[in-house]
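In case you want the letters, here they are:
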Amino acid sequence: MMPTLRAASLRHLLRHPAQLALALIGLTLGVGTIVAVDVATASSQRAFELSLQAVNGAATHQITGGPRGIDERLYPQLRTHANAGAPLRFAPLVTGYVGVGERTMQLLGVDPFAAAQLAGEGQVAAAPDPATEGVEGLRRWFSEPGAVVMSAATARQLGLAVNSRFDVTVGGVRQRATLIGRIEDAGAGFDAALLTDIAQAQEWLGRVGRLSRIDVRASGGAPEAALAWLRAQLPADLELHTTRAAARESFAMTDAFTTNLKAMSLLALLVGTFLIYGR
Amino acid sequence: MRTMLIVRSLSRSFREGGRVHQVLDGADAQVRCGETVAVTGRSGSGKSTLLNLISGIDRADRGTVEIDGRDVTAMGEPARTLFRRAHIGFVYQFFNLIPTLDVEENVRLVLELNGARGAQARERSLAALADVDLRERAHSAVDQLSGGEQQRVAIARALVHRPGLLLADEPTGNLDEQTAAEVLPVLLSLARARGTTVVIVTHDLALSRLADRVLELREGRLHDAAAPRARAS
């Protein structure tokens, strides 16, 4: 830049300190807004990914039905008829949303034995692992009405200790729940998850005899043949799809939200620019 | 004598709502090297548009402008900008000095835009200021100068890079009669001393009398007006 032009620009800025300060504040706010929105979006997307991972666990595929879900009798049929050597594992799941205080949480009704089998070695199951939980814990899980488990971090935020009793609102109806265990180091994906026995979830959500989905893990050699067999077993109103496809659909849904946030932050920057240079 | 400026069949129209306003409609003119020509005409007759077309700031609908043998209308925008910067000087009614630069810096800016730097540029700008009797005000702020002094700075700035063509748009329009009478001879004598061709757009009869020739812009065309009665000394 030429010395005289540089001098002209600098002197103009120094002669109008208030305008310079406002311009800097405006730019800072505008850039700050964009960065904040980007960080918030990235964080929420990461949290969403973790939640999906927590809910999906080690499943590679999912069997889903329409709004009415899946007849629970399908699950034992699949387990019974799957070849002993077939590389397929199944875990039933009942999900829904419940309120705990001011918070909305995802209720996950699981079969801990099936979930542990599906998770396999080295994976985190979305339920207490019967191999590592105490017998007393398992007894309470299956026999105590309203027994639930949540992440230790969430329990702390809600001020709940083990054996605390609290209300859960399901479809406007209050239910009594007991925190029988906390999952330490559960990760951010479990922050909004409330785990309970599958039968308890069916009762609270009014879906007795129905499943939300059946998680499937295809592993080992030639899973394609096993998956083809599985497809053939499913009634016409049920679908077998990969968890990746389900995640893609979920992310596509959140893309609109992300775009809105970005548009809002850019609009904030544009308005800031007009405010500064419109003077 | 060589011809500095040739305007051929120059046309320019503007749209105003649904109406087309034909400002220039086939204007022709030739100005010789070192000649001073005043362009007169009623308000809105297209005098400033003519200057903008000659300098290449605006583009004509039809016609050509040649300056010192080069067709300005055939040049692209960057080439026109560089040509204008090097070969044309401007004097405006409202001076258009940069308030954040002092007097000498305002003049030097033109030299820096044309590639001159440092002491050489400074010396040339001070010499140009001496020509308009403002050497001692070189480091004053421009807003501390009177209107006449500001216009003299503008004249120094317009001539410092020794352009072949000087375009002046109502150079006395913002000055009182007495100041205009002081400033005009400075402008014209410096231009004549350097052999600079001058095209002045003006309403000022006194100014047009000082020109070598007067062209009247009427109905979009340039017409030779009555010969001026007086000449600048």
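Residues numbered from 1 in each chain as written. Chains lettered and ligands numbered in written order. Predicted model: local features only at pLDDT ≥ 70, side-chain atom pairs only at ≥ 80, totals over all residues. Heavy atoms only, no water.

K.L.:
Would you explain the nonpolar core in this entry?
P.N.:
The nonpolar side chains of a soluble globular protein tend to be buried with one another. Core analysis: the largest hydrophobic core is formed by 41 residues, its most contacted members being A:Ile63, A:Phe90, A:Phe166, A:Val168, A:Leu194, A:Ile214 and A:Leu230. Apart from the residues lying within four places of it in its own chain, the contact partners of A:Val168 are A:Val98, A:Gly99, A:Val100, A:Val173, A:Arg174, A:Gln175, A:Ala177, A:Leu194 and A:Trp204. Counting 39 residues, the second largest nonpolar core, distinct from the first, contains B:Ala121, B:Leu126, B:Leu166 and B:Leu187. (Core = buried A, V, L, I, M, F, W, Y, C linked by side-chain atoms within 4.5 Å. Buried < 20%, exposed > 50% of the residue type's maximum accessible area, 1.4 Å probe, protein only. Contact = heavy atoms within 4.5 Å.)

K.L.:
Sorry if this is basic, but what is going on with the interface of chain B and chain A here?
P.N.:
The figure often quoted for interface size is the accessible area lost as the parts come together. Facing the twelve residues of chain B at the interface are nine residues of chain A. Between chain B and chain A, roughly 880 Å² of surface is buried when both sides are summed, and carbon and sulfur atoms account for 58% of that area. Counting the contacts that link chain B with chain A gives one salt bridge. Taking the shortest distance from any N to any O, the salt bridge between A:Arg11 and B:Glu105 comes out at 2.6 Å. Summed over the shared surface of chain B and chain A, the result is five residue pairs in polar contact (both at pLDDT 80 or more). Its residues assigned to classes, the side of chain B that touches chain A comprises five nonpolar, one polar and six charged. (Buried area = accessible area lost by both parts, 1.4 Å probe. Salt bridge = Lys/Arg side-chain N within 4 Å of Asp/Glu carboxyl O. Polar contact = N/O pair within 3.5 Å; in protein donor to acceptor, adjacent residues only side chain to side chain. Nonpolar A, V, L, I, M, F, W, Y, C, P; charged D, E, K, R; others polar.)

K.L.:
Honestly, the sheet that holds strand S6 (residues 88-91) of chain B in this entry has me stumped. Any pointers?
P.N.:
Sheet strands line up and pair through hydrogen bonds in the backbone, either parallel or antiparallel. Residues and elements named next belong to chain B. Reading across from one edge, S6-S7-S8-S3-S9-S10 is the order of the six strands in this open sheet, with mixed pairing throughout. Each having just a single partner strand, S6 and strand S10 (221-224) make up the two edges of the open sheet. Ignoring strand direction, the axes of neighbouring strands in this sheet form an average angle of 25°. In the sheet, strand S3 (residues 36-40) pairs with strand S8 (residues 197-201) via four bridges, with the strands oriented parallel. Within S8, the residue paired with Val39 across the bridge is Val201. Relative to the sheet, helix H2 (residues 77-87) contacts S6 and strand S7 (165-169), its axis offset from that of S6 by approximately 75°. Strands S6 and S7 of the sheet are contacted by helix H5 (residues 147-159), whose axis makes an angle of about 170° with S6. (Pairing = 2+ DSSP bridges. Helix = DSSP H or I, 4+ residues; strand = E, 2+ residues; numbered from the N terminus. Axes fitted to C-alpha atoms, helices over the stretch in contact; angles between N-to-C directions.)

K.L.:
Before we go on, may I ask you to explain a nonpolar patch on the surface in this structure?
P.N.:
Nonpolar side chains collect at one region of the surface, where A:Leu267, A:Leu270, A:Val271, A:Phe274 and A:Leu275 lie side by side and expose about 540 Å² of accessible area between them. Following the sequence through the fold, A:Leu267 ends up in helix H9 (residues 243-277). (Patch = residues over 30% accessible without salt bridge, like charges linked within 9 Å, V, L, I, M, F, W, Y side chains within 5 Å. Areas by Shrake-Rupley, 256 points an atom, 1.4 Å probe, with all protein chains shown as cover.)

K.L.:
I would appreciate a short explanation of the pattern of salt bridges in the present structure.
P.N.:
Pairing is possible between side chains that carry opposite charge, provided their charged atoms lie close to one another. Residue and element names in this part refer to chain B. In this structure the tally under the stated criterion is 20 salt bridges over all chains. Between Glu35 and Arg213 there is a salt bridge, with its nearest N and O atoms 2.7 Å apart. In this pair, Glu35 is assigned in the loop between strand S2 (19-32) and S3 and Arg213 in strand S9 (residues 213-218), connecting sequence segments 178 residues apart. In this structure, Glu35 and Arg213 share a single accessibility class: buried. Within the structure, one salt-bridge network assembled from shared partners comprises Arg32, Glu35, Arg213 and Asp224.

K.L.:
Can you help me understand the sheet that holds strand S4 (residues 62-67) of chain B in this one?
P.N.:
All names here are of chain B. Within the open sheet, the four strands sit side by side as S2-S1-S4-S5. Their pairing is antiparallel. The two strands at the open ends of the sheet, each matched to only one other strand, are S2 and strand S5 (70-71). Bridge count between strand S1 (residues 3-16) and S4: five bridges; the pairing is antiparallel. When the bridges of S4 are listed, Val7 appears paired with Val65. In the packing of helix H1 (residues 47-55) onto the sheet, the strands contacted are S1, S2 and S4, and the crossing angle to S1 comes to about 120°.

K.L.:
Hey, could you run me through the environment of B:Gly34 in this one?
P.N.:
Residue and element names in this part refer to chain B. Position of Gly34 among the secondary structure elements: in the loop between S2 and S3. Considered as a pair, Gly34 and Thr197 are 163 residues apart in the sequence and their alpha carbons are 4.2 Å apart. Ignoring sequence-local partners within four residues, the contact set of Gly34 consists of Gly195, Thr196, Thr197 and Asp212.

K.L.:
What is the right way to read the environment of B:Ala141 from this model?
P.N.:
Mapped onto the fold, B:Ala141 is located in the loop between helix H4 (118-131) and H5. C-alpha of B:Ala141 to C-alpha of B:Glu104: the two residues are 37 residues apart in sequence and 9.3 Å apart in space.

K.L.:
Looking at this structure, I do not really get the packing of helix H1 (residues 3-15) of chain A against helix H3 (residues 103-113) of chain B. What am I missing?
P.N.:
What describes two packed helices is the angle between their axes and the distance between those same axes. H3(B) packs onto H1(A) with a crossing angle of 135° between their chain directions and a minimal axis gap of 8 Å. Taken together, the axis directions place H1(A) and H3(B) in an arrangement best described as oblique. In this structure, H1(A) uses A:Pro3, A:Thr4, A:Leu5 and A:Arg11 to contact H3(B), whose residues at the interface are B:Glu105, B:Arg108, B:Leu109 and B:Glu112. Along the lines of polarity and charge, the residues of the contact of H1(A) with H3(B) split into three nonpolar, one polar and four charged. (Parallel < 35°, antiparallel > 145°, perpendicular 65-115°, else oblique.)

K.L.:
Whenever I open this one, the packing of aromatic side chains confuses me. Can you help?
P.N.:
Within a pair of aromatic rings, the relevant descriptors are the distance that separates the centres and the angle that separates the planes. Residues and elements named next belong to chain A. With the rule as written, the count across this model stands at two aromatic pairs over all chains. Here the aromatic rings of Phe113 and Phe142 are separated by 5.6 Å at their centres, their planes lie at 5°, and the arrangement is stacked. On the criterion of sequence distance, the pair formed by Phe113 in helix H4 (residues 112-119) and Phe142 in helix H5 (residues 135-143) is long-range, its members being 29 residues apart. (Phe/Tyr/Trp six-rings, centres within 6.5 Å; stacked < 30°, edge-to-face > 60°.)

K.L.:
Which parts of the structure should I look at to understand the side chain of B:Thr40?
P.N.:
Residues and elements named next belong to chain B. Its location among the elements puts Thr40 in strand S3. Judged by relative accessible area, which is 17%, Thr40 ranks as buried. Leave out the neighbours within four places in its chain, and Thr40 touches Lys47, Thr202, Ser208, Val214, Leu215, Glu216 and Leu217.

K.L.:
What exactly am I supposed to notice about the confidence of the model for chain A here?
P.N.:
For any part of a model where pLDDT is low, the fine detail of the predicted coordinates should not be relied upon. Across chain A, pLDDT averages 82, with 86% of residues at or above 70. Scored below 50 in pLDDT, residues 122-126 of chain A makes eleven contacts in the model with residues more than four places away or belonging to other chains. (pLDDT = per-residue confidence, 0-100.)

K.L.:
Quick question: what am I supposed to make of the side chain of A:Thr154 here?
P.N.:
All names here are of chain A. By the element assignment, Thr154 lies in helix H6 (residues 152-158). What makes Thr154 buried here is its relative accessible area of 1%. A polar contact is formed between the side chain of Thr154 and the backbone oxygen of Asp191, at a distance of 2.7 Å. Ignoring any residue separated from it by four or fewer positions in sequence, one finds Thr154 in contact with Arg103, Met105, Phe190 and Asp191.

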